[in-house]
Amino acid sequence: LLNPIKTCTTSPCVHTTSYFTPGTHNYYSEALDNAGNLGRDPETGTKSFTVICPSVEYLQEKIDELINKINEMDFERSGTRNSLLAKLEGAKRLFGKGNIGAALNQLEALITQLNAQSGRHIDSGDADELLQALNELIALINLFLNCELQ
């Protein structure tokens, strides 16, 4: 069990963490209010969740979702769209060939471009949405790599 402590000042209190190890993970939560009342969920024992290994096909589908998202966005210049799409399509192709490092390099280049163009040639809200999706994709790829090592 992990034992992270998080102090919340708002309700509901949300604690998010990432797991890069496949398998079943157990947890429970405790809360102490300002009056000193302690609550625990579940009251006894633990809850669990399972992290499964993503497949190459699933990761390629996630890249396709990003491609579709970019195609639905409005850009000042078509060259911006083409550049973003080329990086994603390159990452998908490299990933399919098993060249994960090069695929990650393409995704990192895309992140760099989005950060540089946000608010300029790419709407900042669109850039933020794409950056969040890219970071989630990279987390899934890292999980995939951990699965491959086991």
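Residues numbered from 1 in each chain as written. Predicted model: local features only at pLDDT ≥ 70, side-chain atom pairs only at ≥ 80, totals over all residues. Heavy atoms only, no water.

1. Details of the packing of helix 3 (residues 100–117) against helix 4 (residues 124–149)
Here is the rule: Angles here are taken between N-to-C directions and fall from 0 to 180 degrees, while the axes themselves are lines fitted to C-alpha atoms, restricted in helices to the stretch in contact. We count a stretch as a helix when DSSP gives it H or I for four or more residues in a row; a strand needs E for two or more, and each element gets its number in order from the N terminus. When an angle is under 35 degrees it counts as roughly parallel; over 145 it counts as roughly antiparallel; between 65 and 115 it counts as roughly perpendicular; any other value is oblique. By convention the crossing between two helices is left-handed if the near helix lies anticlockwise of the far one by an angle smaller than a right angle, and right-handed if it lies clockwise. By definition in these notes, contact holds between two residues if any of their heavy atoms fall within 4.5 Å. For this scheme, ten residues count as nonpolar: Ala, Val, Leu, Ile, Met, Phe, Trp, Tyr, Cys and Pro. Four count as charged, namely Asp, Glu, Lys and Arg, and the remainder, Gly too, count as polar.
Put simply, helix 3 and helix 4 touch, their axes get as near as 10 Å, and they point 160° apart. It follows that helix 3 is roughly antiparallel to helix 4 by the angle criterion. The hand of the helix 3/helix 4 crossing is left-handed. The residues of helix 4 that touch helix 3, namely those facing Ile100, Leu104, Leu107, Glu108, Leu110, Ile111, Leu114 and Asn115, are Ala127, Leu130, Leu131, Leu134, Asn135, Leu137, Ile138, Ile141, Phe144 and Leu145. Looking at the contact of helix 3 with helix 4 residue by residue, the class counts come to 15 nonpolar, two polar and one charged.

2. What about helix 3?
Quick note on the threshold: An expected span of 1.5 Å times one less than the residue number is assigned to each helix. Here's how the labels work: a residue is buried when its accessible area is under 20% of the maximum for its type, exposed when over 50%, partly exposed in between, all with a 1.4 Å probe on protein chains only.
In this model, helix 3 (18 residues) spans 26 Å end to end at C-alpha, consistent with the 26 Å of a helix rising 1.5 Å per residue. Among all positions in helix 3, only Ile100, Ala103, Leu104, Leu107, Leu110, Ile111, Gln113, Leu114 and Gln117 are buried. In this structure, the buried residues of helix 3 make contact with helix 2 (78–96) and helix 4. Where helix 3 terminates, the next one or two residues include Gly119, which has phi positive at roughly 85°.

3. Considering the confidence of the model for the protein chain
Defined as follows: pLDDT is defined as a per-residue confidence score from the predictor, taking values between 0 and 100.
Mean pLDDT over the protein chain stands at 87; residues scoring 70 or higher make up 91%. The least confident element of the protein chain, judged by mean pLDDT, is strand 2 (residues 29–32) at 80; the most confident is helix 3 at 95.

4. Let's talk about the pattern of salt bridges
Oppositely charged side chains are able to pair whenever their charged atoms sit close together. Just so we agree on the cut-off: Whenever Lys or Arg places a side-chain nitrogen within 4 Å of a carboxyl oxygen from Asp or Glu, that contact is recorded as a salt bridge.
All told, the structure shown has five salt bridges when counted by the stated rule. The shortest N-O distance in the salt bridge between Arg40 and Glu30 comes to 3.9 Å. Here the residue Arg40 occupies a position in strand 3 (residues 38–41), and Glu30 occupies one in strand 2, the gap between them amounting to 10 residues. Residue Glu129 is joined to Lys69 by a salt bridge in which the shortest nitrogen-to-oxygen separation is 3.5 Å. Here Glu129, found in helix 4, pairs with Lys69, found in helix 1 (residues 56–72); they are 60 residues apart in sequence, far enough to count as distant.

5. Some thoughts on unusual backbone geometry
With an omega dihedral of -5°, the bond running from Asp41 to Pro42 counts as a cis peptide bond. When you line up the elements, Pro42 lands in the loop between strand 3 and strand 4 (47–51).

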